[in-house]
2 protein chains.
Amino acid sequence: MQVKIKDVAKMAGVSVTTVSRVLNGEKYVKDDLKAKVNRVIEELGYAPSQIARSLVRKKTNLIGVIVPDLTSSFYSTILSSIEERASANEYHLLVCNISEDIDKEYKYLNVFQEMRVEGIIIMHEKINEQIRAFIHKINTPVIFSSVKPMDQKFISVIVDDYAASYDATRYLIEQGHETIGFIGGDMRDVTSGQNRYSGYRNAMSDFGKKLVFEHIRFGDYKVQSGYDQMKEMLSAGSPPSAVFAVSDDMAVGAINCIRDHNLRVPEDIAIIGFDGSQLTELVRPTLTSMEQPIHQMGRVTMDVLLKLIAGDTPPDGDVVLEHRLVVRESSRSQERQADEIKGLEQE
Amino acid sequence: MQVKIKDVAKMAGVSVTTVSRVLNGEKYVKDDLKAKVNRVIEELGYAPSQIARSLVRKKTNLIGVIVPDLTSSFYSTILSSIEERASANEYHLLVCNISEDIDKEYKYLNVFQEMRVEGIIIMHEKINEQIRAFIHKINTPVIFSSVKPMDQKFISVIVDDYAASYDATRYLIEQGHETIGFIGGDMRDVTSGQNRYSGYRNAMSDFGKKLVFEHIRFGDYKVQSGYDQMKEMLSAGSPPSAVFAVSDDMAVGAINCIRDHNLRVPEDIAIIGFDGSQLTELVRPTLTSMEQPIHQMGRVTMDVLLKLIAGDTPPDGDVVLEHRLVVRESSRSQERQADEIKGLEQE
DNA sequence: CTGAAAGCGCTTACAG
DNA sequence: CTGAAAGCGCTTACAG
C-alpha cells in the first residue's frame, strides 16, 4: 500500500491542504510546520501521485512519440535529442515503436489520447485516412519530425529534401560525373521518396545529363536494400561512375556491393549517402553524405511542440533546417585528392 | 474541453455507471442501451481518461525504462524488443535516456515512482548508493537488462559474460594465436568490465599464453575508443596477432585503426567483437562477434518483469541466456579459408 | 498562515 | 439489467 497525503497529514498533525502546500512549495506555511511535514515525508518515503495530480490539474506532462524503427540510428538519435529537451522541461516520453505496423500506430494514438498526452510527435509519413482523420479530430498538438505527410495542415520539422537532393546531385556533376545512378526511397513517401527523387531528376536535367533507366532504383532505406539495388544496377552492365543513395544505410550497402564485385569506391564508382548518421565516419571508405542536422532536428521538434502546447503562436508553416554536404572518402576523386596535396605542399 | 463520461451519459440518456459498463465490456447491459451508448461515444469522439481510470483501479499499465544511450544500436535494439512485448501486453513505456548523467537517473526514478509505474527496467550498472537505496525502498519491481550490478538482490537478464569472454579468447587461441590483445570496458562495470576481463585473463592463463601488458587496454565501448586503444597498442611495437574487443563498436574502431596503419585484418591482426550488433554484417571485413541474443534479451526482460508485476514467483536468481560465437571475415584465418575451399572442392 | 469542502473523471460495491 | 453514491489521491478556491 502506497503512502498517501492523508497519511503524511495525520502523522504530521496538519491538514492535507497544508501538506499539499508544502509539496508545491507555496508560501504562507509557517517554517516549523513546513519542517515537520518535510520530516514526515522523508520518514515515510512519500512520493505524491502524479496520477491524482494530473487529474485535478488537467496536466500530464506527457508527450507521445511514434518512431518507425527504434533500431535505426537516425531515428534513435532524433529520439535521444527529443528526450533531452523534453526532460529538461519536465516532460516525459511515452514511446511507441511501430515497425511497419499501421494498426499499432492507430492503437497507440488512441492510447496517447486516453493518457491525455499534451503533445504528439510522429516520425513517419505513411499516414492513412483513418490516422489523418484522427489527428484532425483530437485537439492535442501534433508535430512531424524529419518527415512531411501530404496533408498541408500538419506542421513538420524537416530539411528541404528537394533542395538537398538537388545539391547532392549537382555536387557529383561538378565533380565531373556524367552518369549518376540513384537509389531512392519509397515513392509513397513525399519527403524522402518523391522530393528526393525530384531533386535528383531536376539537377540531372538542368545540367544536361541524361537519365538512364537502369541506373534508377528504389529501396527501403536499409542497408540490405542498398546492396540489392546496387547489385541490380551492376548486373545491368555499364554502371554509372557515381551513385547517390537517399540514406546512409543504403549507401553503405551499395559500397559493400561494389567492393564485392571487385570494383573500387570512389575510383570506379563514387558514392554519396543522405542523413549524416554515425555510419558515415565508421565505414571505410568513409561516406560522403548530404547531412540533416539530426540533433538539432530533435531539439527543434521538441521546442516547437512545447510552444504549441503553451498555446504560443505556432510557426507559420514548416520549420526548415539547413542541410549540409559533408565530403568524405567515398566521393573524393583521385585528381582532387592529388590537387589538395599539391595545394598543401605549395604553402 | 475534453468530453467526459458524464457528457456521454447525458446525451445517451443513461447513467454514468451504464456508460462505464459499456466501456469495460461488461455483460448485463441491454443491447439497445449498449448500441445507443456506443453511438454517442462515436459521435462525441469520447476517449475515457486513463488518468482517472488509473486512479481508481490503482493500475497505470506503465513501465519505466532507463537507457544509458539511445543512440547505441545495442540498447535501442533491446528497447525495441521490450517495447514490442510491452505493447503486446497493453503496457506502455516511459523512457529515460541518461547519458552518463547519474543525477538524471535518480530524478527519473523519482518520476517513475510518482507516475506509479508498475515496473522499472534499467540497462546500466553504474548504480550509486543513493540509487541502490532508492530501489530497495520502493516496492515497484525492478529488473536489470544486459547488465548486472554488484547488488545480489537485483535480478538481471544477461549472458554469462565471464564464460562468453573466455570462449571468445579460447577460440582465438585455438585458431593458433599466441599473442592476443584485449580491449576491455570500464572496470567499474562488473558485467561488461570485470567479468569480460576475467574471462580473457583466465582463458589465456589456462592455455599457457602469457599476458602482455601493452596489449591490454580499456575503452568506453564506443568506436572512437576502440580506435584510440588500438593505436596505443600498435605504437607500443610488436602488436599481437589477434585482438578481442568487448564491444562490436570498439572492434570496428580497432579494425579501422589497423587498416589506417596499412595492416590487414585478419591477415596481420584478427579481430573479434562482442554483442552481435547490426554493425557486424555491415562493415568490411565483416566482424566476428561473441553475440548476445539481443532481441531475446529484450523479450525475456519484459516477460520476467510482467511476471514480477503479476506477483508470480520470480525466477530464482538471474536469467542467463546463451551466448554464441559467430565467425565472420575479421577472424577467419587464410589457412582455414583455404581449408574450407578445399573441403568444398573435395565433396 | 491554516483547514474543511468540493471537485478532477472515472469504477465499483450496493441496492433495487 | 440499471443507477445513486462513495471513493481513488490529489489541488484549489473559499472562509476564517
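Model, not experiment: these values are computed from the prediction.

Participant: Now, about the pattern of salt bridges: what can you tell me, with residues and values included?
Facilitator: In the structure shown here, the tally under the stated rule is 34 salt bridges over all chains. Measuring nitrogen to oxygen at the nearest pair gives 3.0 Å for the salt bridge that ties A:K209 to A:E178. Remark: A:E178 occurs in the loop between α8 (161-174) and β6 (180-184) and A:K209 occurs in the loop between α9 (190-206) and β7 (216-218); sequence separation between them is 31 residues. The salt bridge involving A:D260 is made with B:R284; its shortest N-O contact spans 3.9 Å. One end of the pair, A:D260, is in helix α11 (residues 248-260); the other, B:R284, is in the loop between α12 (279-282) and β10 (288-291), on a second chain. Its relative accessible area of 42% is what places A:D260 among the partly exposed residues. By sharing partners, the salt bridges in this structure join A:K126, A:D186, A:R188 and A:D189 into a single network.

Participant: Can you lay out helix α1 (residues 5-12) of chain A for me, pointing to particular residues and giving the numbers?
Facilitator: Residues and elements named next belong to chain A. Taken together, the buried positions of α1 are occupied by V8, A9 and A12. Summarising the axial view, the buried residues of α1 lie within an arc of 100°, below the 170-degree limit, and thus occupy one face. Of the residues in α1, the exposed ones pointing more than 90 degrees away from the buried face are K6 and K10. Along its buried surface, α1 packs onto α2 (16-23) and α3 (31-44). Following α1 by one or two positions, G13 has its phi on the positive side, about 70°.

Participant: Could you give an account of the protein's contact with DNA strand C, naming the residues involved and the relevant values?
Facilitator: Taken together, 27 residues lie near DNA strand C, and A:T18, A:R21, A:K58, B:I5 and B:S20 sit nearest. Among all atoms of DNA strand C positioned within 4 Å of the protein, those belonging to sugar or phosphate total 62%. Between A:K30 and DNA strand C, the recorded distance is 2.7 Å, taken from a backbone N or O atom to a phosphate oxygen. B:N24 places a polar side-chain atom, nitrogen or oxygen, 3.2 Å from a phosphate oxygen of DNA strand C. Looking at the surface near DNA strand C, the elements that each hand over two or more residues are α2 and α4 (50-57) of chain A together with α2 (16-23) and α4 (50-57) of chain B. In terms of residue count, α4(B) provides more of the surface near DNA strand C than any other element does, 5 residues in total.

Participant: Please provide a residue-by-residue account of the interface of chain B and chain A, values included.
Facilitator: Counting from both sides, the interface comprises 53 residues of chain B and, opposite them, 53 residues of chain A. Both sides of the chain B and chain A interface together cover about 4700 Å² of buried area, and 56% of this is carbon and sulfur. One can count 6 salt bridges joining chain B with chain A. Here B:E90 makes a salt bridge to A:K107, at a shortest N to O gap of 3.8 Å. At the surface where chain B touches chain A, the tally comes to 20 residue pairs in polar contact (both at pLDDT 80 or more). For the side of chain B that touches chain A, the secondary-structure elements that each account for two or more residues are α4, α5 (73-88), β2 (92-97), α6 (102-114), α10 (223-235), α11 (248-260) and α12 of chain B.

Participant: Could you give an account of the pairing of strand β6 (residues 180-184) of chain B, naming the residues involved and the relevant values?
Facilitator: Residue and element names in this part refer to chain B. Burial runs high along β6: 5 of the 5 residues are buried. The two faces of β6 match: I180, F182 and G184 on one face and G181 and I183 on the other face are all buried. Pairing between β6 and strand β8 (residues 242-245): 4 bridges, direction parallel. Residue pairing for β8: I180 is matched across the bridge by A242. Relative to strand β7 (residues 216-218), β6 is paired through 3 bridges, and the arrangement is parallel. Paired with F182 across the bridge in β7 is I216. In the classification by handedness, the crossover that spans β6, the intervening helix α9 (residues 190-206) and the parallel β7 is right-handed.

Participant: Lay out the UniProt feature "domain: HTH lacI-type" (unreviewed entry) in chain A with the relevant residues and their values.
Facilitator: Per the UniProt annotation, the sites labelled "domain: HTH lacI-type" (unreviewed entry) are residues 3-57 of chain A. In the segment residues 3-57 of chain A, helix accounts for 69% and strand for 0%; the C-alpha atoms at its two ends are 21 Å apart.

Participant: Explain the relation of the copies chain B and chain A to me, using residue names and the numbers behind them.
Facilitator: With an RMSD of 0.1 Å, the fit of chain B onto chain A corresponds to turning through 180° and sliding 0.0 Å along the axis. Classification of the inter-copy transformation places it as that of a two-fold axis. For chain B, the smallest separation between a C-alpha atom and the rotation axis is recorded for B:L94, amounting to 2.4 Å. A shared binding surface is used by both copies, with 100% of the interface residues of chain B retained as interface residues in chain A.

Basis of the calculations
- Residues numbered from 1 in each chain as written.
- Chains lettered and ligands numbered in written order.
- Predicted model: local features only at pLDDT ≥ 70, side-chain atom pairs only at ≥ 80, totals over all residues.
- Heavy atoms only, no water.
- Salt bridge = Lys/Arg side-chain N within 4 Å of Asp/Glu carboxyl O.
- Helix = DSSP H or I, 4+ residues; strand = E, 2+ residues; numbered from the N terminus.
- Buried < 20%, exposed > 50% of the residue type's maximum accessible area, 1.4 Å probe, protein only.
- Arc of directions from axis to C-beta.
- Contact = heavy atoms within 4.5 Å.
- Near = heavy atom within 4 Å.
- Polar contact = N/O pair within 3.5 Å; in protein donor to acceptor, adjacent residues only side chain to side chain.
- Buried area = accessible area lost by both parts, 1.4 Å probe.
- Pairing = 2+ DSSP bridges.
- Right-handed = clockwise from strand over helix to strand, strands pointing away.
- UniProt positions renumbered as here; feature names shortened; annotations may be inferred.
- Least-squares fit on C-alpha atoms with pLDDT ≥ 70 in both.

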